[in-house]
Amino acid sequence: MNTTPEPDVDVPVIDLPLPPPGTMGPPEEYGRLRRECPLAKVRLPIGATAWYATRYEDVKELVADSRLIRPSITDWPPRPGRAPGDEPGLITMMELEGPRHAALRRALSEPFSVRSIRSRLPRIRQSADRLLDPFVDGDRPGDLVGRFLEPFPITVMCDLVGIPYEDSGYFLPRADAALGALLTLEQGRGVTSQLRGYITSLLDRRRCEPGDDMLTKLVSECEHGTLDHESAVSFGLSMLVAGYRTSTMFLADAVLTLLTSPGEYARLRDHRDLLPGAVEELLRYLPVMNGVVVLQAVEDIELHGRTIRAGDAVLPVLAAANRDESVFADGDRLDLCRVDNPHLAFGRGAHNCVGSHLARAQMTVCLEALFDRLPQLRPAEDDHPVWEDESPSRSPRTLPVSW
Ligand code: HEM
């Protein structure tokens, strides 16, 4: 419902709602915002302000709205020392627009398709078993995140894309640094150029030694003139910053939730036919991309009687939309048998998640492998998870378990 726009000065600025430390959220405040202030103005920890949209219908429209672009993670929030006209920082697939973005999506549609991912399921399961073999025979309690839930999606992504897993000691800390909001301009530039150099060297290597992987496919598209080299580099950078972190969080949140919701781990273990629906419900219920999709208006947009001005940042909060009671009955309840589930966990529109089928496959294989190998899995008694409490997306960094 749009009414007369108010001047910005009348819009109160609230602090960014955060879940209590040691919990994944989403924050309870989202329910009130959806009811009373669906387009709030929030102050982010870094000092900048942004519009915060929490209702399902608004979020669904905003993520696919062409009046909103995706600023580079090294360019927003604005950092001191950066001048208009400076070279953009880290350009991933998310910041590509128009025909270049469309060409890259076309090149990736087959290798990321359901069919292609399905054909790789045995290989994905092998990766899971290779990690679980030593874990199952190891000391108890053990940390399931460090030993399995983190390395598993990295291994799978590396294998599919053609990034050597042995290089993870090089690219992981740099990708984490690039994602960290507190980089200075100089540090940001340094990390960005190292990651770009790394991906460029991998593409060069694939030109001489082709493999059965996505980088090889992109090199061949470049040689045929259907893709430009910079877009292939952007894809590689996207994989370093978006190709595993969300999956690790999703897996860690999901396993912790199943283990701490009485009877749910055993129910899925004994009724595998529930798995496809349960994976969708976990995608809806868990706040994996909580307030981390940042858009920037390129023209004024009116919504709920307020004016989002050109240049303003807008955060469509997927985790809040996914709990909207007007779409999801009893939205704050985990219901592994939920049937009507049009969640927005993978976004929507031209930039929706290209890895969605892979993410689903990783979760399915992860749970099947755990049910087969660790049927009596449970949280360790005297050891508790350590939480990632610095980002709005909260996730256990460790998950001590016994079996
Ligand atoms: C549960 C795990 C995951 C979740 C919840 C997730 C969520 C999302 C969302 C919401 C977007 C849209 C962001 C926007 O609108 O700006 C996105 C984009 C993207 N995701 Fe995922 N993702 C997951 C896993 C993955 C995986 C496993 C990969 C690849 C290996 C991947 C690769 C990408 C890429 C490249 C984009 C950008 C697409 C484009 O701009 O065209 N994601 N993801």
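Basis of the calculations
- Residues numbered from 1 in each chain as written.
- Predicted model: local features only at pLDDT ≥ 70, side-chain atom pairs only at ≥ 80, totals over all residues.
- Helix = DSSP H or I, 4+ residues; strand = E, 2+ residues; numbered from the N terminus.
- Rg over C-alpha atoms; globule rule 2.2 N^0.38 Å.
- Buried ≥ 20, exposed ≤ 12 C-beta atoms within 10 Å, placed from the backbone.
- Pairing = 2+ DSSP bridges.
- Right-handed = clockwise from strand over helix to strand, strands pointing away.
- Near = placed C-beta within 6 Å.
- Nonpolar A, V, L, I, M, F, W, Y, C, P; charged D, E, K, R; others polar.
- Axes fitted to C-alpha atoms, helices over the stretch in contact; angles between N-to-C directions.
- Parallel < 35°, antiparallel > 145°, perpendicular 65-115°, else oblique.
- Left-handed = near helix turned anticlockwise from the far one by under 90°.
- Contact = placed C-beta atoms within 7 Å.
- Expected span 1.5 Å × (residues − 1).
- Arc of directions from axis to C-beta.
- pLDDT = per-residue confidence, 0-100.

Some thoughts on the overall build of the chain
Working step 1: Each helix and strand in the chain was counted, giving 16 helices and 13 strands.
Working step 2: Relative to its length of 403 residues, the chain is compact, with a C-alpha radius of gyration of 21 Å against a globular reference of 22 Å.
Working step 3: Based on the C-alpha atoms only, the size of the chain along its principal axes is roughly 65 × 55 × 35 Å.
Working step 4: Across the 403 residues in the chain, those meeting the buried criterion constitute 40%.

Side note on the pairing of strand E2 (residues 39-43)
Working step 1: One ladder, built from 3 bridges, connects strand E1 (residues 13-15) with E2; its direction is parallel. Looking at E2, one finds that Val 13 is bridged to Lys 41.
Working step 2: Once you follow E1 into helix H1 (residues 29-36) and on to E2, the crossover reads as right-handed.
Working step 3: In the sheet, E2 pairs with strand E3 (residues 49-53) via 5 bridges, with the strands oriented antiparallel. Its bridge partner lying in E3, Leu 39 is registered against Ala 53.
Working step 4: Counting the residues in the hairpin turn of E2 and E3 gives 5 residues, including Gly 47, whose phi is positive at 110°.

Let's talk about the site of the ligand
Working step 1: Neighbouring residues of the ligand: 27 residues in total, closest Gly 243, Phe 250, Gly 347, Cys 353 and Gly 355.
Working step 2: Every element with two or more residues in the shell around the ligand is listed here: helix H11 (229-242), helix H12 (245-260) and helix H16 (356-373).
Working step 3: By residue class, the composition of the shell around the ligand is 17 nonpolar, 8 polar and 2 charged.

Here we look at the packing of helix H5 (residues 121-136) against helix H7 (residues 151-161)
Working step 1: With their axes 10 Å apart at the nearest point, H5 and H7 run at an angle of 140° to one another. Between H5 and H7, the angle falls in the class oblique. Where H5 crosses over H7, the handedness of that crossing is right-handed. Together, Arg 123, Ile 124, Ser 127, Ala 128 and Leu 131 of H5 and Pro 151, Phe 152, Thr 155, Val 156 and Asp 159 of H7 make up the contact between the two elements.
Working step 2: Here the residues of the contact of H5 with H7 are counted per class, giving 6 nonpolar, 2 polar and 2 charged.

Things to note about helix H8 (residues 168-179)
Working step 1: An ideal rise of 1.5 Å per residue puts 16 Å on 12 residues; H8 measures up with 16 Å between its terminal C-alpha atoms.
Working step 2: Taken residue by residue, H8 has Phe 171, Ala 175 and Ala 178 as its buried positions. Buried residues of H8 fall within an arc of 60° about the axis and therefore sit on the same side. Away from the buried face of H8 by more than 90 degrees, exposed residues Gly 169 and Pro 173 are located.

Quick word on the confidence of the model for the chain
Working step 1: Scored by pLDDT, the chain has a mean of 92; 92% of the residues are at 70 or more.
Working step 2: Note that pLDDT drops below 50 for residues 1-7; the model gives that stretch 14 contacts with residues more than four away or on any other chain.

Topic: unusual backbone geometry
Working step 1: For the peptide bond that leads from Gly 25 to Pro 26, omega is 10°, which places it in the cis range.
Working step 2: Along the chain, the position of Pro 26 falls in the loop between E1 and H1.
Working step 3: Here the amide bond leading from Arg 140 into Pro 141 is cis, since omega sits at -5°, within 30 degrees of zero.
Working step 4: Mapped onto the fold, Pro 141 is located in the loop between H5 and strand E5 (142-143).
Working step 5: Not every positive phi belongs to a glycine, and His 304 is a case in point at roughly 50°.
Working step 6: Among the secondary structure elements, His 304 is positioned in the loop between strand E7 (301-303) and strand E8 (306-308).
Working step 7: You can call His 304 partly exposed: it has 16 C-beta atoms within 10 Å.
Working step 8: A positive phi angle, close to 55°, is found at Asp 330, a residue other than glycine.

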